[in-house]
Amino acid sequence: FIHICGFFVPLVCKYLIDPQTAAILILMVAVIYSISETMRMFGMELPLISNVTRIAAGKSEFQELVVYPLFYALGIIMSLILFPVPISYVSIVVLTLGDGFASIFGKKFGRRPLPVNKYKTFEGSFGGLICSFIGSLIFVDAYNALVASIIGMLIEILPLPINDNITIPLASGL
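Residues numbered from 1 in each chain as written. Predicted model: local features only at pLDDT ≥ 70, side-chain atom pairs only at ≥ 80, totals over all residues. Heavy atoms only, no water.

A. Summary view of the overall build of the protein. Counting its regular elements, the protein contains 10 helices and two strands. In terms of its C-alpha atoms, the protein occupies a principal-axis envelope of roughly 50 × 40 × 25 Å. In the protein, of all internal contacts separated by at least 6 residues, the share reaching a separation of at least 24 is 64%. Approximately 9,700 Å² of the protein is accessible, and the part contributed by carbon and sulfur atoms is 74%. (Helix = DSSP H or I, 4+ residues; strand = E, 2+ residues; numbered from the N terminus. Contact = heavy atoms within 4.5 Å. Areas by Shrake-Rupley, 256 points an atom, 1.4 Å probe, with all protein chains shown as cover.)

Right, dumping it as structure tokens:
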């Protein structure tokens with residue numbers, strides 16, 4: 001759910017604020033999150049942020065610094081800074097809706113593991129592809145929406161050493 005909420009970033013940029021301002025705001029949130037996580041490692045908590053982290057993180061992940069939200073913020077910030085509009089918006093859509101719904105569809109309906117990555121399923125990847133494609137249509141034509149969505153979901157299924165919150169938006173934006 002948190003992943004999918006990032007879909008509002010390109011919508012807010014399209015109608016309310018410019019991408020650079022959004023990138024700065026996301027960076028500020030990432031800094032606050034980093035402070036919260038550092039405090040949590042020393043036994044102190046920022047109530048709202050630590051509670052959300054506790055709910056969203058796995059039990060083993062919560063025992064150490066939870067860095068995935070920082071990769072997520074970095075992926076969105078890099079998209080906003082590196083790519084022109086509307087490509088930046090589409091790369092964020094592929095990350096937020098594609099990766100987010102791939103996880104949901106995979107957990108709910110996933111039955112067939114993919115040969116290249118046994119932790120991912122055909123159903124999850126296909127669901128992510130469809131959702132990112134539909135969301136991307138708000139910003140670009142069907143051809144570009146499909147190409148970006150396919151590339152993003154191909155990157156999502158690969159067991160790469162770099163976090164997919166960074167690789168998905170970069171690859172789909174390129």
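B. Inspection of the pairing of strand β2 (residues 117–121) at higher detail. Relative to β2, strand β1 (residues 113–114) runs antiparallel, the two being bridged by two bridges. Among the inter-strand pairings, Leu114 is bridged to a residue of β2, identified as Asn117. Once β1 ends, the chain turns through two residues before running back antiparallel as β2. (Pairing = 2+ DSSP bridges.)

C. Examining the nonpolar core more closely. Counting 31 residues, the largest nonpolar core has Val9, Ile26, Ile76, Leu80 and Phe139 as the members making the most contacts within it. Put simply, the parts of the chain that give this core at least two residues each are α2 (8–15), α3 (19–41), α6 (68–82), α7 (87–109), α9 (142–157) and α10 (164–173). When residues no more than four places from it in sequence are discounted, the contact partners of Phe139 are Pro10, Leu11, Lys14, Pro86, Tyr89, Val90 and Val93. (Core = buried A, V, L, I, M, F, W, Y, C linked by side-chain atoms within 4.5 Å. Buried < 20%, exposed > 50% of the residue type's maximum accessible area, 1.4 Å probe, protein only.)

D. Just the environment of Ala102, in detail. Along the chain, Ala102 turns up in helix α7. When residues no more than four places from it in sequence are discounted, the contact partners of Ala102 are Leu97, Gly124, Ser125, Gly128, Met153 and Glu156.

E. Summary view of the pattern of salt bridges. All told, the structure shown has three salt bridges when counted by the stated rule. Ionic pairing is found between Arg112 and Glu123, a salt bridge with its closest N-O pair at 2.9 Å. Taken together, the positions of Arg112 in the loop between α7 and β1 and Glu123 in helix α8 (residues 122–136) put the pair 11 residues apart, joining distant regions of the chain. Classification of Arg112 by relative accessible area gives partly exposed; the value is 48%. For the salt bridge of Lys120 with Glu156, the shortest nitrogen-to-oxygen distance reads 2.8 Å. One end of the pair, Lys120, is in strand β2; the other, Glu156, is in helix α9, and 36 residues separate them in sequence. Judged by its relative accessible area of 22%, Lys120 falls in the partly exposed class. (Salt bridge = Lys/Arg side-chain N within 4 Å of Asp/Glu carboxyl O.)

F. Broad picture of the packing of α7 against α10. Viewed as axis vectors pointing N to C, α7 and α10 meet at an angle of 135 degrees, and their least axial separation amounts to 8 Å. Taken together, the axes of α7 and α10 lie oblique to each other. Considering only the axes of α7 and α10, their crossing is right-handed. On α10, the residues that touch Ile87, Ser91, Val94, Leu95 and Asp99 of α7 are Asp164, Asn165, Ile168, Pro169, Ser172 and Gly173. (Axes fitted to C-alpha atoms, helices over the stretch in contact; angles between N-to-C directions. Parallel < 35°, antiparallel > 145°, perpendicular 65-115°, else oblique. Left-handed = near helix turned anticlockwise from the far one by under 90°.)

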